[in-house]
Amino acid sequence: MEPLGRPGRMTSKERVRTVFAGGIPDRVPINYMANAGIDARLKAHFGLQPGDDEGLRQALGVDFRGIGAPYRGPRRHAEVPNRIVDPEFGWHLRWVEHESGGYWDFCDFPLQNADEAAVAAWPMPTADDYDLSRLEQDCGTWNGYALHYGNPGLACIMNTAGFLRGMEQTFVDLETDDPAGLLLIDRILGLQLELMRRVLARVGDRLDFVWIGEDLGTQRGPLISRELFLRHILPRHAPFFALAREYGLPVMIHTCGSSSWTYEDYIALGLRAADTLQPEAAEMDPATLKARFGGRLVLHGCISTAGPVAYGSVADTVADVRGKLSVLMPGGGYCFSPTHALQDNSPTENVLAMYETAHALGWYDRPPL
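Reading guide: rules and limits
Residues numbered from 1 in each chain as written. Predicted model: local features only at pLDDT ≥ 70, side-chain atom pairs only at ≥ 80, totals over all residues. Heavy atoms only, no water. 1 Å grid on protein atoms, 1.4 Å probe; cavity = no way out; pocket = protein on both sides within 12 Å on 5 of 7 lines; lining within 4 Å. Points joined across faces, edges and corners; volume = space filled by probe spheres on them. Nonpolar A, V, L, I, M, F, W, Y, C, P; charged D, E, K, R; others polar. Helix = DSSP H or I, 4+ residues; strand = E, 2+ residues; numbered from the N terminus. Buried < 20%, exposed > 50% of the residue type's maximum accessible area, 1.4 Å probe, protein only. Arc of directions from axis to C-beta. Contact = heavy atoms within 4.5 Å. Axes fitted to C-alpha atoms, helices over the stretch in contact; angles between N-to-C directions. Parallel < 35°, antiparallel > 145°, perpendicular 65-115°, else oblique. Pairing = 2+ DSSP bridges. Phe/Tyr/Trp six-rings, centres within 6.5 Å; stacked < 30°, edge-to-face > 60°. Lys NZ or Arg CZ within 6 Å of the ring centre and 35° of its normal.

A look at the layout of surface pockets
Moving on, step 1. Considered as a void within the structure, the second largest pocket measures approximately 280 Å³ in volume.
Moving on, step 2. Looking at the second largest pocket, it is lined by 18 residues, and the ones nearest its centre are Leu 4, Arg 6, Pro 7, Arg 27 and Gly 61.
Moving on, step 3. Here the lining of the second largest pocket is composed, by residue class, of 6 nonpolar, 6 polar and 6 charged.

Following this line, the structure appears as C-alpha cells:
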C-alpha cells in the first residue's frame, strides 16, 4: 500500500494546531468521512482489511483522529423485528435500499406522542456507562495526529431529539416550548456535557479541539427563525463552549445547509472553526465565506458530496478541488474535507482523485506536484 502524498515538515498535530492558531502550515490539513459502501471500496483499493479504519486514514493522509469513550452499559431498549434499536437511547432504524446501496434511516419515533412523564421515565444511560479507561492509551497511539473529542452529533439538538420525537414534532416542541420535547433535549445534552466533562478532565491537555454539531440551514436559507435559535439553541450550546474554554480547547461546529447566518453568534461564544460548508447552499460559497470569516474562523469542508465527486468525472473532481483550494488556501485557515460523509454513489476513482489533488496542490512551503 502506497499512501497518497509526501511527508511534510510538520506532524499532523502541528499542522492542525498551526491552522487553528491562525498560522500557515506546511500544507492544508486533510480530513475524511464516508458511508460504508465507498469506505469498503477504498479499503479494497489499498489492499486493506474491511475493518482497517486506521490503515485507510493513513493511506489517504488524514490528519485528524477522534477520541471517545465507548458505551459499556446494559442494553436499555428491547430489540424490535426488522429494526435496529439503539441500546443506549432507544431510537429505531430501518434499512432503505437505493440504486447505489442503502442506508439506515430513523423511523417509528417511539417518543413522538410522549408526555413529560413518559419522557422523564424513558431509559437513558448515565455517564458511568461509558468506558474512559482507554483514553490515555488512544491519545498515545495517535499522538502525532490532531485529536478531537466529539463529532457532528455532540450537542446536536434538533436531529438527536428528532430521532425519538420525529422532526416535525421536534420543531413543534421548540416553537411551542413543549415541556416534553424540551425535557428530552435537556436530558440528552446533560448526559453529553457530563461525559465531555469527564473526558476532558482526563485527557483535555492532550486534545486539540472539540467538535459539536447542529444542522441550521436548508439549501436556501435558515432552518429555523433567529428568535427560536436564540431562545433554544444557542443557550444550550453555551455550556459546551464554556467547558472547552476551561481546557483551552477551540470548538468546531458542524452546520449543514445555509448556516452562516449563525456564525457571528457562535463566534461571540468562542467558535474557532466551522465545518461542512455546503458550497451549493445560499451564502455558503467559498468566496463569500472567505471574505466574511477568513481570519476569524477556520473553514473545514467545502468539497461537496453532492458535487463532481459524486456526479462528475475525474477531471471534474480535480477541477473542483483545485478551484476550492485556490479560494480557501490563501492566508491559511482552511482544512480540506468533504462536506458530509462521502456517499456510496461516489465513484472510487473520483474520491481517490479528490485526495490525490489535495495532496498535490495543498502545499504552502513547496511547489505543487
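Some points on unusual backbone geometry
Moving on, step 1. A positive phi is found at Thr 276, a non-glycine position, where the angle reads about 95°.
Moving on, step 2. With respect to the helices, strands and loops of the structure, Thr 276 is situated in strand S8 (residues 271-276).

Details of helix H11 (residues 286-293)
Moving on, step 1. Those residues of H11 that fall on the buried side of the exposure criterion are Pro 286, Leu 289, Lys 290 and Phe 293. Buried residues of H11, seen end-on, are gathered within an arc of 100° and therefore sit on one face of the element.
Moving on, step 2. Packing partners of the buried residues in H11 comprise helix H10 (263-269), strand S9 (298-303) and helix H13 (314-328).

Section: the packing of helix H8 (residues 179-203) against helix H9 (residues 226-246)
Moving on, step 1. Close contact between H8 and H9 brings their axes to 10 Å; oriented N to C, the two are set at 10°. Judged on the interaxial angle alone, H9 and H8 are roughly parallel. Listed contacts from H9 to Leu 182, Ile 185, Asp 186, Leu 189, Gln 192, Leu 193, Met 196, Arg 197 and Leu 200 of H8 are His 232, Arg 236, Pro 239, Phe 240, Leu 243 and Ala 244.
Moving on, step 2. Among the residues making up the contact of H8 with H9, the classes are represented as 10 nonpolar, 2 polar and 3 charged.

Brief notes about the sheet that holds strand S5 (residues 146-150)
Moving on, step 1. With parallel pairing, the 7 strands of this open sheet are ordered in space as S1-S5-S6-S7-S8-S9-S10. Every other strand in the sheet has two partners, leaving strand S1 (64-67) and strand S10 (334-338) as the edge strands with one partner each. The sheet shows a mean angle of 30° between the axes of neighbouring strands, taken without regard to direction.
Moving on, step 2. With respect to the sheet, helix H1 (residues 12-20) is in contact with S1, S5, strand S6 (209-213), S8, S9 and S10, its orientation differing from that of S5 by roughly 70°.

A closer look at the packing of aromatic side chains
Moving on, step 1. For the coordinates displayed, the defined rule picks out 15 aromatic pairs.
Moving on, step 2. Judged by centre distance (5.1 Å) and plane angle (20°), the ring pair of Phe 20 and Phe 209 falls under stacked. Remark: Phe 209 occurs in strand S6 and Phe 20 occurs in helix H1; sequence separation between them is 189 residues.
Moving on, step 3. Residue classification places Phe 20 among the buried positions, given a relative accessible area of 9%.
Moving on, step 4. Here Phe 209 falls in the buried class, since its relative accessible area comes to 0%.
Moving on, step 5. These aromatic residues form a ring-pair network of at least three members: Phe 20, Phe 64, Phe 209 and Trp 211.
Moving on, step 6. One Lys or Arg, Arg 65, reaches over the ring of Tyr 145 and ends 3.8 Å from the middle of that ring.
Moving on, step 7. The aromatic ring of Trp 363 is capped on one face by Arg 366, whose charged end is 4.0 Å from the ring centroid.

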